[in-house]
Amino acid sequence: MGEECLKSADSAAAPLRRLMVRYSLPPGTLESLQAAFPDIEFIQAEDAFVQLTPLGDVDAVVTWNLAEDEIAAAPNLRWVQWIGAGVDHAPLAALRNRGILLTNNRGVHANNIAEHVIGMMISLARNFPNLVRAQDQHVWKMDEERWNVKELAGSRLVVLGAGNLGSAIARKAAGLDLDVVVLGRNPRETYLDRVTYRTIDALDAELAEADHVVICTPLTDETRGLIDADRIARVKPGAYLYNVGRGPIVDTDALVAALQSGQLGAAALDVTDPEPLPAEHPLWDLPNVFITGHTSGATPHYWDRAARILEGNIRHYLAGEPLDNLVDYDLGY
Ligand code: OXD
């Protein structure tokens, strides 16, 4: 199957008669899609986190989980609209082999995850997690520890990942007067003051200069274990690390050791490896760790934005046009 064939559906060859949604969309969403596309049968199924409703003869499915053997059992399946941005747990090889289009929801939560990251940065810089712990104990915390703070303005932030999310983080951080370097696969120009784009081969040099390092890349063969013990040792001592990408991009044991030794001053982790983090894991009790439990993607606007992508893609599909947010099987995102 050539690359071109994986970008759009030829509507004559691949009609869209039945589309299954394996998630409870907000009230009214499915009804308005049904009204907009009366010839398509929309099937509301169980949330795929709870149970994988068999796909049967559907042509397309909206889901955030797909087992490899489901593909063989769904002879008509031609298009999967993934809920969420990261497709690291999607059966990419099986989808590719069958020539099934895969689209995701990238961009839907760039704004809120960027706000989450900025919130993490301000929280760590101002020592908020410890102040909240003190409040829980009814302790007025005006002690020597109040000097254990940082100023973000003028410090250097390195962002790994130059997609929608990395760019949104860079924009917001530049607004707080940080100097930002965004690292991505391809060279890019920027017209924003304080923001520079560089290619990922500058990673080691940039880590050595960074006061803050944010990871927001997808998990792929290239990024798994990218931040290993060697790289953590290269980071400017005392820097803060933030992960809103995927846990396995960072070597967890090396992370724990660096936080214990002070090589890393602090970490704010929305994602971890493993996930969920077991109750007995050492990361929970480190005083310089702030864990937000994979919540950064949530936003009240999620489903409106996701529904717009879905509706647009149904139109593209029916017109035989390239779909938005297509996943590139070679790159894994
Ligand atoms: C995603 C996520 O992949 O929230 O969208 O983890």
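Residues numbered from 1 in each chain as written. Predicted model: local features only at pLDDT ≥ 70, side-chain atom pairs only at ≥ 80, totals over all residues. Heavy atoms only, no water.

With respect to spatial proximity, the complete set of residues near the ligand consists of Gly84, Ala85, Gly86, His109, Arg246 and His294. In terms of residue class, the shell around the ligand is built from one nonpolar, four polar and one charged. (Near = heavy atom within 4 Å. Nonpolar A, V, L, I, M, F, W, Y, C, P; charged D, E, K, R; others polar.)

The final tally for this structure, using the stated rule, is 17 salt bridges. In this structure, Asp330 and Arg96 form a salt bridge, with 2.9 Å as the shortest nitrogen-oxygen distance. On the criterion of sequence distance, the pair formed by Asp330 in the segment after helix H10 (302-319) and Arg96 in helix H3 (residues 92-98) is long-range, its members being 234 residues apart. Between Asp177 and Arg194 there is a salt bridge whose closest N-O contact spans 3.8 Å. Of this pair, Asp177 sits in the loop between helix H6 (164-175) and strand E7 (179-184) while Arg194 sits in the loop between E7 and strand E8 (195-199), and the two are 17 residues apart along the sequence. Salt bridges sharing partners connect three or more residues here, namely Arg18, Glu41 and Asp57. (Salt bridge = Lys/Arg side-chain N within 4 Å of Asp/Glu carboxyl O. Helix = DSSP H or I, 4+ residues; strand = E, 2+ residues; numbered from the N terminus.)

Counting 32 residues, the largest nonpolar core has Leu160, Ile227, Ile232, Leu255, Leu259, Leu264 and Leu283 as the members making the most contacts within it. Of all the elements in the fold, those that place two or more residues in this core are strand E6 (156-160), E7, helix H7 (203-207), strand E9 (212-215), strand E10 (239-243), helix H9 (252-261), strand E11 (264-269) and strand E12 (289-291). If sequence neighbours within four positions are ignored, Leu259 has contacts with Leu264, Ala266, Ala267, Leu283, Leu286, Asn288 and Val289. Grouped together as the second largest cluster of nonpolar side chains are 31 residues, Ile118, Val195, Val214 and Tyr242 included. (Core = buried A, V, L, I, M, F, W, Y, C linked by side-chain atoms within 4.5 Å. Buried < 20%, exposed > 50% of the residue type's maximum accessible area, 1.4 Å probe, protein only. Contact = heavy atoms within 4.5 Å.)

Attention now goes to the environment of Leu277. Secondary-structure assignment places Leu277 in the loop between E11 and E12. As a C-alpha pair, Leu277 and Ile291 span 14 residues in sequence and 9.6 Å in three-dimensional space. Ignoring anything within four residues of it in the chain, the contact list for Leu277 reads Thr272, Leu283, Trp284 and Ile291.

Here the focus is the sheet that holds E11. What the seven strands build is an open sheet, ordered E8-E7-E6-E9-E10-E11-E12; its pairing is parallel. The outermost strands of the open sheet, each flanked by one partner alone, are E8 and E12. With direction set aside, neighbouring strand axes in the sheet form an average angle of 15°. Taken together, the five bridges between E6 and E7 define a ladder with parallel strand orientation. In the strand pairing of E7, Arg156 is matched with Asp179. (Pairing = 2+ DSSP bridges. Axes fitted to C-alpha atoms, helices over the stretch in contact; angles between N-to-C directions.)

A few words on the domain arrangement of the protein chain. Domain assignment breaks the protein chain into domain 1 (3-108 + 302-318) and domain 2 (110-291). The C-alpha centroid of domain 2 is placed 33 Å from the C-alpha centroid of domain 1. The largest contributions to the domain 1 side of the interface with domain 2 come from Asp88, Gly107 and Arg305, which together make up 71% of the buried area. Note that Arg246 is salt-bridged to Asp88, the shortest N-O span being 2.8 Å. (Domains from an automatic or database assignment. Buried area = accessible area lost by both parts, 1.4 Å probe.)

One can find Glu206 in helix H7. Classification of Glu206 as buried rests on a relative accessible area of 3%.

It is worth spelling out the sheet that holds strand E4 (residues 79-82) at this point. Strand order in the open sheet formed by five strands is E2-E1-E3-E4-E5, and the pairing between neighbours is parallel. Each of the sheet's edge strands pairs with one partner strand only, and the pair in question is strand E2 (41-44) and strand E5 (101-103). Pairwise comparison of adjacent strand axes, ignoring direction, gives a mean angle of 15° for this sheet. Pairing between strand E1 (residues 18-21) and strand E3 (residues 60-63): three bridges, direction parallel. Across the sheet, residue Met20 finds its bridge partner in E3, namely Val61.

Take the packing of aromatic side chains next. Under the definition given, this model contains five aromatic pairs. Among the aromatic residues, those joined into a cluster by ring pairs are Tyr23, Phe49, Trp64, Tyr302 and Trp303. One residue, Lys150, lies across the ring of Tyr240, its end atom 4.4 Å from the ring centre. (Phe/Tyr/Trp six-rings, centres within 6.5 Å; stacked < 30°, edge-to-face > 60°. Lys NZ or Arg CZ within 6 Å of the ring centre and 35° of its normal.)

So, about the environment of Ala94. You can see Ala94 is positioned in helix H3. Residues Ala94 and Ala72, spaced 22 residues apart in sequence, show a C-alpha to C-alpha distance of 8.7 Å. In contact with Ala94, not counting residues within four places along its chain, are Glu68 and Ile71.

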